[in-house]
Amino acid sequence: MSNPTATPTGPRLAAAAAALRHQREWFATLRGRTERGHPLALVNADVPQELLRAMDVPYVVNQWWSSIISAKRMSGRYLEALRERGLPDDVEQYSALPLAEALSPRGDDAPWGGLPLPSVVIADCTGDSMRRMFQLWESELGVPFLPLESAAAETVPVNWWELMRHDWETAIGSPRIDLLHRELRELVPRLEQLTGARFSPQRLTRIMALSNEQAEWNRRTRDLLASAPRCPVPVNDIIPAVMIPQWHRGTPWATAAAQSLYDEVASLVAEGRAVVRDERRRLMWIGRGLWFDMDFYRSFEQSHGAVFVWSMYLALAADAYARYGDDPLRTLAARFCAFRDQMYTPPWSVEWYVKEARAHRVDGVVHLISADSRSSWFTTHALREAGIPVTEIRADNADGRSLDPAALHDQVARWIGSLPDRG
Amino acid sequence: MASPEAQQAAEARQAAAALRAAHDDRWLHARRRAAQGRPVVGYVGFDTPVELITAAGALPVRLAGHAGRDTALARTYLDGAVDPQVVNVLAAILTPQGHDPVPDLVVITHDCDSSLQLFYTLRELRRIGAQTLPPVHFVDLLHLPGEATRQYNLGRIRRFAAQLGAWRGRAVSEAELAEAVADHNAARTARTRLRRRRAGALTGGEALRWYAAGTSMPAREYATVLTAALTGATTRPAGRPLFVCGSGHDTADVYDVLEGDGWLVVGDDHDWGDGGEQPLIGEPTLSALTDHYTRAVLPASALPLPRIAAAARDGVDSSGARYVLTYCRQYDDAHRWSHPARAAAAGVPAALLRDQPYPGVDLPGLDARLRTQEAQRTR
Ligand code: SF4
Ligand code: SF4
């Protein structure tokens, strides 16, 4: 079989459609406010955004805006602005696109009308490039850049997903939490001065409560999908319904959206809905998404009765965000100071994948290893040690140039065919 | 009897030979110490608080790569987009070859992402029992200017001092720390002299060897030997003067290739070269060490853009360089973000070479880029 089969298209989730609609309306309002002179912050995904919400400073998440630029196929043109300045257009593009847009000439065809120039940018110093890249907002565009550290622990207890919600002090260790907690206290007056807004601890307490509630709904949804007899909804339909409310974490809308996603999935399960009537193989995808070929995920349903049942986005939303505590600022610091480690750093990442694979009763894992994947040997090793078959796909980048879709499809199809029968 | 001048020259030659020997066999001094029953600590990261290691009675040796090393196994484990230099260092830890002794302890700092990945890899290999490895300590020193970072680093330095004490079974005393700080300060002073003199006296390859010797010898001995060696060399070697920026060079391979092609590396900004210069540590206290390693010792990834640009301008001015090379090894791309600012500040033709192999350099690419720029300048 050399041609990926045509994929069945199921009905979209109502929760996903509602989230997409909300996102557009929210952005239009934000643009309007900014044009009338309101401040706007652009922040990396790992920055404690709840702080800005507690100050009523609207913010846009850098990586989300990058995804909009990519989806509107404007990346190439914007990256040109980096090339012209002698700056890299192929390093951390996903974080660099909003900068590239800001450095590009304004056009009428900007995605969603374009991102207004932010009043401040905030990023953690992850990796070697982030800090330099964000300094360019300051040197090239005059936008103040507020950096946060990205600390690393020497030792960690493995079972973070059990500890994080209440016992984050043990899971992460106090020094890293102290660091971000202190940085946030130093950040507040700087932000107040730059934006004219005021920080309210009471608001932050409410925001933390709402966002924890949101995380609990996501947890119920994830647990339901893990335990449902058959997978009731294609996993790529879940992604927008989870991710968009994540960008609005801490608002009543986002919490309600997470609840309505749960309700919708629960009723599908109750109806006995299944993506594949005769579900024979449950699969897990680890690694960057194949953005150029979303249909890939669904192309083994008819031929093999195989369905991808797990998404990192929902699983992270379920396990990685909830933090309960009396001091809202410290609790917020605990949400973010080890955030990346949960998904990228062994032992946390690898043991979490194993736990999720077991909970979802997967028959096998497709592990996409891109050039910048971290610790992939350990991930595959841990899964196989746990008795879970893994097929590795090597891809140098996510843009499809390095992957032949037909060959990839063949590889995965042959591997699914070789999986042992369920005992 | 030889004249005092002739005797001094002979001593200088001897000292230079000792530096070269310490570079060519990075474990020369480590073996001598091990033979006396004294431990050796292999470290990764230019911001490693070496005086604490010395104070604990051990010899700190900075782990370096080696061109001929078999890195296949290391590449299996550390397979992300990681600087091949670090993969090479992992190979030395996993499968020591020939003269590589196994360090009694490995210390890694957070000076860049690849060091962090190296630590995570070693930690996980130990956890799952895939390899037998020496104990590894990670010292998470960070470098933003705020008080939060300083407080965090103070905790890291205290913890590291306590770990070293526990490791050797006796706490590091004030007197030991004072002596170690004095020794390493002496080495720093000698190193600064080397930076000032090198452009007029040494090839870049030789200067790099002399610097590297300082990361494999006892600090006090290095200070004495380097000072003696510097009384010798006086004539400027021939070559087109080049200032090298970007990725670190832990061996002289690339410089030797450049200089074999008619270049003369008169200065550099990476931390195995001139960029490894540090001010002196004021007091022998953990608090002063914290100030030093938080604010005075900045890895490349923590340098603000204006400082990178100013360093290039000053480096070019003081070394008499007529060309600048920003050398980026494969996966060590961060330097590309600062190249435009550096090139603008340098005021001489500046080339960027990316995706360079370890250890190698694209000579035709360098020539072509610099020639284009010279042509543009003279138009
Ligand atoms: S850690 Fe993940 S979510 Fe956060 S910025 Fe990086 S890629 Fe995005
Ligand atoms: S959710 Fe995924 S794609 Fe989006 S920012 Fe986080 S890691 Fe990147």
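Quick caveat: nothing in here was measured; it's all calculated off a predicted structure.

Here we take up the overall build of chain B. Along chain B, the regular secondary structure elements total 15 helices and eight strands. Taken over the C-alpha trace, chain B has a radius of gyration of 20 Å; the compact-globule value for 379 residues is 21 Å, and the two agree within 12%. Burial status across chain B gives 59% buried among its 379 residues. In chain B, the share of contacts with a sequence separation of at least 24, taken over all contacts with a separation of at least 6, comes to 72%. As displayed, chain B offers around 14,200 Å² of accessible surface, 52% of which is attributable to carbon and sulfur atoms. Each charge class in chain B can be summarised by its mean position, and for the 42 positive and 42 negative side chains these summaries are 2 Å apart.

What follows covers the overall build of chain A. Check the secondary structure of chain A and you find 19 helices and eight strands. Its C-alpha radius of gyration of 22 Å places chain A within 12% of the 22 Å reference for a compact globule of 423 residues. Here chain A holds 423 residues, and the buried ones make up 61% of them. Partitioning the contacts of chain A with sequence separation of at least 6, the portion at a separation of at least 24 is 78%. Roughly 16,500 Å² of accessible area belongs to chain A as shown, and the carbon and sulfur atoms make up 50% of that amount.

This part takes up the interface of chain A and chain B. The interface is formed by 53 residues belonging to chain A together with 52 residues belonging to chain B. Buried surface at the junction of chain A and chain B, both sides included, amounts to about 4,200 Å², of which 54% is carbon and sulfur. Looking at the side of chain A facing chain B, the largest losses of area belong to Arg132, Glu154 and Arg374 of chain A, adding up to 20% of the total buried there. Counting across the interface, chain A meets chain B through six salt bridges. With its nearest N and O atoms 3.1 Å apart, the salt bridge here joins Arg159 of chain B to Glu154 of chain A. Those elements that provide at least two residues to the side of chain A that touches chain B are helix H6 (130–141), strand E4 (145–148), helix H9 (174–195), helix H17 (348–359) and helix H18 (376–385) of chain A. Residues that form the side of chain A that touches chain B fall into these classes: 24 nonpolar, 12 polar and 17 charged.

Residues and elements named next belong to chain B. An order of E2-E1-E3-E4 is seen for the four strands of this open sheet, with the pairing classed as parallel. The open sheet has two free edges, formed respectively by strand E2 (59–62) and strand E4 (136–139), since each of these has just one partner strand. Going across the sheet, the axis of each strand differs from the next one's by a mean of 25°, ignoring polarity. The strands touched by helix H6 (residues 113–128) are strand E1 (40–44), strand E3 (105–109) and E4; relative to E3, the strand with the most contacts, the crossing angle is about 140°.

Residue and element names in this part refer to chain A. The sheet built from four strands is open, its strands ordered E2-E1-E3-E4 with parallel pairing. Bordering the open sheet on either side are strand E2 (59–61) and E4, each of which pairs with just one other strand. In this sheet, adjacent strand axes meet at a mean angle of 20° when their direction is disregarded. Pairing analysis gives three bridges linking strand E1 (residues 41–43) to E2, with the strands arranged parallel. By the bridge assignment, Leu42 is partnered in E2 with Val60.

Looking now at the confidence of the model for chain A. For chain A, the average pLDDT comes to 92, and 95% of its residues sit at 70 or higher. Confidence drops under pLDDT 50 across residues 1–10 of chain A; counting only partners more than four residues distant or on other chains, this segment forms 18 contacts.

Residue and element names in this part refer to chain A. Near ligand 1 you find Ala45, Asp46, Gln63, Arg340, Met343 and Tyr344, and these make up its full shell. Per-element accounting of the shell around ligand 1 gives the leading share, three residues, to helix H16 (residues 339–344). Taken together, the residues that form the shell around ligand 1 break down as three nonpolar, one polar and two charged.

This next bit is on the environment of Ala15 of chain A. Residue and element names in this part refer to chain A. Of note, Ala15 is situated in helix H1 (residues 14–35). You can call Ala15 buried: its relative accessible area is 11%. A C-alpha to C-alpha distance of 34 Å links Ala15 and Val91, two positions 76 residues apart in sequence. Discounting residues that sit within four places of it in the chain, Ala15 has contacts with Ala241, Leu261 and Glu264.

Further remarks concern the state of the cysteines. Going through the model one piece at a time under the given rule, you end up with zero disulfides over all chains. Lacking any disulfide linkage, Cys337 of chain A is separated from the closest cysteine sulfur, that of Cys125 of chain A, by 15 Å.

Moving on: H18 of chain A. Among the residues making up H18 of chain A, those that are buried are Ser376, Phe378, Thr379, Thr380, Ala382 and Leu383 of chain A. Contacts from the buried residues of H18 of chain A go to strand E5 (281–286), H17, strand E7 (364–370) and strand E8 (390–395) of chain A together with helix H4 (72–77) and H6 of chain B. One or two steps after H18 of chain A, the chain reaches Gly387 of chain A, where phi turns positive at roughly 85°.

Our next topic: the pattern of salt bridges. Enumeration over the complete set of coordinates arrives at 52 salt bridges over all chains. Two residues, Arg165 of chain A and Glu216 of chain A, come together in a salt bridge whose shortest N-O distance is 2.7 Å. Linking Arg165 of chain A in the loop between helix H7 (160–163) and helix H8 (168–172) with Glu216 of chain A in helix H10 (residues 201–227), this pair joins segments that are 51 residues apart in sequence. One salt bridge connects Arg198 of chain B with Asp274 of chain B, and the closest N-O pair in it is separated by 2.8 Å. Taken as a pair, Arg198 of chain B in helix H8 (residues 174–201) and Asp274 of chain B in the loop between strand E6 (263–268) and helix H12 (286–296) lie far apart in primary sequence, 76 residues in all. Residue classification places Arg198 of chain B among the buried positions, given a relative accessible area of 0%. The exposure class assigned to Asp274 of chain B is buried, which follows from its relative accessible area of 11%. Overlapping salt bridges, with partners in common, bring together Asp90 of chain A together with Asp333, Arg336, Arg354 and Asp355 of chain B in one network.

What counts, and at which threshold
Residues numbered from 1 in each chain as written. Chains lettered and ligands numbered in written order. Predicted model: local features only at pLDDT ≥ 70, side-chain atom pairs only at ≥ 80, totals over all residues. Heavy atoms only, no water. Helix = DSSP H or I, 4+ residues; strand = E, 2+ residues; numbered from the N terminus. Rg over C-alpha atoms; globule rule 2.2 N^0.38 Å. Buried < 20%, exposed > 50% of the residue type's maximum accessible area, 1.4 Å probe, protein only. Contact = heavy atoms within 4.5 Å. Areas by Shrake-Rupley, 256 points an atom, 1.4 Å probe, with all protein chains shown as cover. Lys, Arg positive; Asp, Glu negative; His and termini not counted. Charge placed at Lys NZ, Arg CZ, Asp CG, Glu CD. Buried area = accessible area lost by both parts, 1.4 Å probe. Salt bridge = Lys/Arg side-chain N within 4 Å of Asp/Glu carboxyl O. Nonpolar A, V, L, I, M, F, W, Y, C, P; charged D, E, K, R; others polar. Pairing = 2+ DSSP bridges. Axes fitted to C-alpha atoms, helices over the stretch in contact; angles between N-to-C directions. pLDDT = per-residue confidence, 0-100. Near = heavy atom within 4 Å. Disulfide = S-S within 2.5 Å.

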